[in-house]
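Coordinate inspection notes
Spelled out from the first residue to the last, the chains are:
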Amino acid sequence: MITDLDNASKIAEYLLQIKAIKLQPNDPFTWSSGWKSPIYCDNRKTLSYPNVRTFIRQSYTQAILDEFGKPDVIAGVATGGIAQGVLVAQELGIPFVYVRSSAKGHGLQNMIEGHFEEGQSVVVIEDLISTGGSSLKAVEALRDGGLSVKGVVAIFSYGFQQAVDAFKASNCPLVVLSNYDVLIDKALAQGAIGERDMNSLKDWRAAPDMWNK
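These lines cover the structure that appears in this document, whether it is placed above or below. Note that this is a predicted model, so its numbers are computed, not measured. (Residues numbered from 1 in each chain as written. Predicted model: local features only at pLDDT ≥ 70, side-chain atom pairs only at ≥ 80, totals over all residues. Heavy atoms only, no water.)

Further remarks concern the environment of glycine 145. Along the chain, the position of glycine 145 falls in the loop between helix H4 (133–144) and strand E9 (148–157). Looking at glycine 145, the relative accessible area reads 28%, which means it is partly exposed. Expressed as a C-alpha distance, the spacing of glycine 145 and isoleucine 112, which sit 33 residues apart in the sequence, is 8.1 Å. (Helix = DSSP H or I, 4+ residues; strand = E, 2+ residues; numbered from the N terminus. Buried < 20%, exposed > 50% of the residue type's maximum accessible area, 1.4 Å probe, protein only.)

This next bit is on the layout of surface pockets. The computed volume of the largest pocket comes to approximately 550 Å³. Residue lining of the largest pocket: 24 residues in total, with Ser32, Cys41, Leu128, Ser130 and Tyr158 positioned closest to the centre. With four residues, the top contributor of residues to the lining of the largest pocket is strand E8 (residues 121–129). Split into classes, the residues belonging to the lining of the largest pocket amount to nine nonpolar, 11 polar and four charged. The space that makes up the second largest pocket amounts to roughly 200 Å³. Every residue along the wall of the second largest pocket is listed here: Met1, Ile2, Ser157, Gly159, Phe160, Ala163, Val164, Phe167, Leu174, Val176 and Asn179. When its residues are assigned to classes, the lining of the second largest pocket shows eight nonpolar, three polar and no charged. (1 Å grid on protein atoms, 1.4 Å probe; cavity = no way out; pocket = protein on both sides within 12 Å on 5 of 7 lines; lining within 4 Å. Points joined across faces, edges and corners; volume = space filled by probe spheres on them. Nonpolar A, V, L, I, M, F, W, Y, C, P; charged D, E, K, R; others polar.)

A cluster of acidic residues, Asp4, Asp6, Asp66 and Glu67, forms a negative patch on the protein surface. Looking at the secondary structure, you find glutamate 67 in helix H2 (residues 50–68). (Patch = residues over 30% accessible without salt bridge, like charges linked within 9 Å, V, L, I, M, F, W, Y side chains within 5 Å. Areas by Shrake-Rupley, 256 points an atom, 1.4 Å probe, with all protein chains shown as cover. Salt bridge = Lys/Arg side-chain N within 4 Å of Asp/Glu carboxyl O. Lys, Arg positive; Asp, Glu negative; His and termini not counted. Charge placed at Lys NZ, Arg CZ, Asp CG, Glu CD.)

With that settled, consider the side chain of lysine 186. As for its position among the elements, lysine 186 is in helix H6 (residues 180–189). You can call lysine 186 buried: its relative accessible area is 18%. Dropping the residues within four chain positions of it, lysine 186 is found in contact with Ser9, Ala12, Glu13 and Leu16. (Contact = heavy atoms within 4.5 Å.)

Moving on to helix H3 (residues 80–92). Here H3 is 13 residues long and its end C-alpha atoms lie 19 Å apart, about the 18 Å a rise of 1.5 Å per residue gives. Buried within H3 we find Gly80, Gly81, Gln84, Gly85, Val88, Ala89 and Leu92. Seen end-on, H3 carries its buried residues on one side only, within an arc spanning 140°. Residues of H3 that are buried make contact with H2, strand E5 (73–77), strand E6 (96–99), E8 and E9. In the stretch just after H3, glycine 93 is the one whose phi turns positive, near 70°. (Expected span 1.5 Å × (residues − 1). Arc of directions from axis to C-beta.)

Dropping the structure here:
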């Protein structure tokens, strides 16, 4: 769910401008899953641009307050959600923790790093949602730790039905600052892609595992 379309359009513009997102329908990327993709997203790049970083931090914060109210804790998902989560927690003046992709193999073997207390409310910060698997694994770890997860907020989502269904099944609200539909509309308006590219991009989102085969 997007809470502010004007804001979503501005974020899409920034992501294209700094090349955090690249669109190459005629020269696709290959994901680790083996899928061919006309889009590559690296939202870590936003951290290198102070004006973009600030806009995204403020957008995260406003979305959290609008949708969930002020939580007790912010949790970042390793690795892309850690830096973003710290910025948001600082803006809100509340504690921060982060969730590892897997438990440490030594020491206390923590899955969650940082101080929290059972029963506290938490909003989870992600940079990107694809299938939703890593985000929901983090949600499960936080719930197992006794925290009350209000929802997940991410910079960008591809909008795959698989992710929509997974978040619904986990009873976990998902809020995104921008998404694939907004992005490709912005790219078309800027002349970065043409109508033929637009059709290909829509085909990919509908069936990414079969696209370009």
